[in-house]
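# Structural description and commentary
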Amino acid sequence: MKSNTVMSLVQNYIYSVDNGWNYILPTTLKSELEEGKEYFLLDSRKPQHYDSGHIEGAVNIFWLDLFKQENLAKLPTDMEIIICCYVGHTASQIMVLLQMLGFRARVLKFGMGKGPVIGVPVAGWENYGYPVVQG
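A few points on the structure. (Residues numbered from 1 in each chain as written. Predicted model: local features only at pLDDT ≥ 70, side-chain atom pairs only at ≥ 80, totals over all residues. Heavy atoms only, no water.)

### A few points about unusual backbone geometry
Look at Asn-22: it is not a glycine, yet its phi comes out positive at around 65°. Positionally, Asn-22 belongs in the loop between helix 1 (4–16) and strand 1 (23–24). In this structure, Phe-110 is a non-glycine residue whose phi angle is positive, near 75°. Topologically, Phe-110 is positioned in the segment after strand 5 (105–108). (Helix = DSSP H or I, 4+ residues; strand = E, 2+ residues; numbered from the N terminus.)

### Here we look at the nonpolar core
If you look at the biggest cluster of nonpolar residues, it comprises 18 residues, and the most contacted ones within it are Leu-42, Leu-66, Leu-75, Ile-81, Ile-83 and Leu-98. Breaking this core down by element, the ones donating at least two residues are strand 2 (40–43), strand 4 (81–84), helix 5 (89–100) and strand 5. No other element matches the 5 residues that helix 5 contributes to this core. Those residues within four positions of Ile-83 in sequence are excluded, and the remaining contacts are Leu-42, Ser-44, Ala-91, Ile-94, Met-95, Leu-98, Ala-105, Arg-106, Val-107 and Leu-108. Among the nonpolar cores identified, the runner-up in size contains 9 residues, and Ile-24, Tyr-50, Ala-58 and Cys-84 belong to it. (Core = buried A, V, L, I, M, F, W, Y, C linked by side-chain atoms within 4.5 Å. Buried < 20%, exposed > 50% of the residue type's maximum accessible area, 1.4 Å probe, protein only. Contact = heavy atoms within 4.5 Å.)

### Details of the sheet that holds strand 2
Read across the open sheet, the 5 strands follow the order 1-5-4-2-3; overall the sheet is parallel. The two strands at the open ends of the sheet, each matched to only one other strand, are strand 1 and strand 3 (59–60). Both strand 4 and strand 5 contribute to a ladder of 3 bridges, which runs parallel. Looking across to strand 5, one finds that Ile-82 is bridged to Arg-106. Running at roughly 175° to strand 5, helix 5 makes contact with strand 1, strand 2, strand 4 and strand 5 of the sheet. (Pairing = 2+ DSSP bridges. Axes fitted to C-alpha atoms, helices over the stretch in contact; angles between N-to-C directions.)

And the structure:
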């Protein structure tokens, strides 16, 4: 049985999801950054992947280390956080937890567009030509 506090946080999150599903498209983010809009850019990938290329100004905190007190203390409470990872999956999970903790956060949809596993393309079920059924 989940505690009432956790269930309350979950329900608050679910009922506050906006029409954009808490994502920002890369094209929108680029445009807004060029216009001078300020975000805290959080890159949650492994440091070596961050070092091989990241969005200018992004701060790297590997997702497995993010919820340590000293790292949470680095996050702003007065600015929206945009979370970037490889393809958006990890960032989406982090975003939910950060929102439940009271941070304003969204995910860069599709992340950096690079899967973390070498040799495995970033593609979904249908991209592989696997069968689907309708109805």
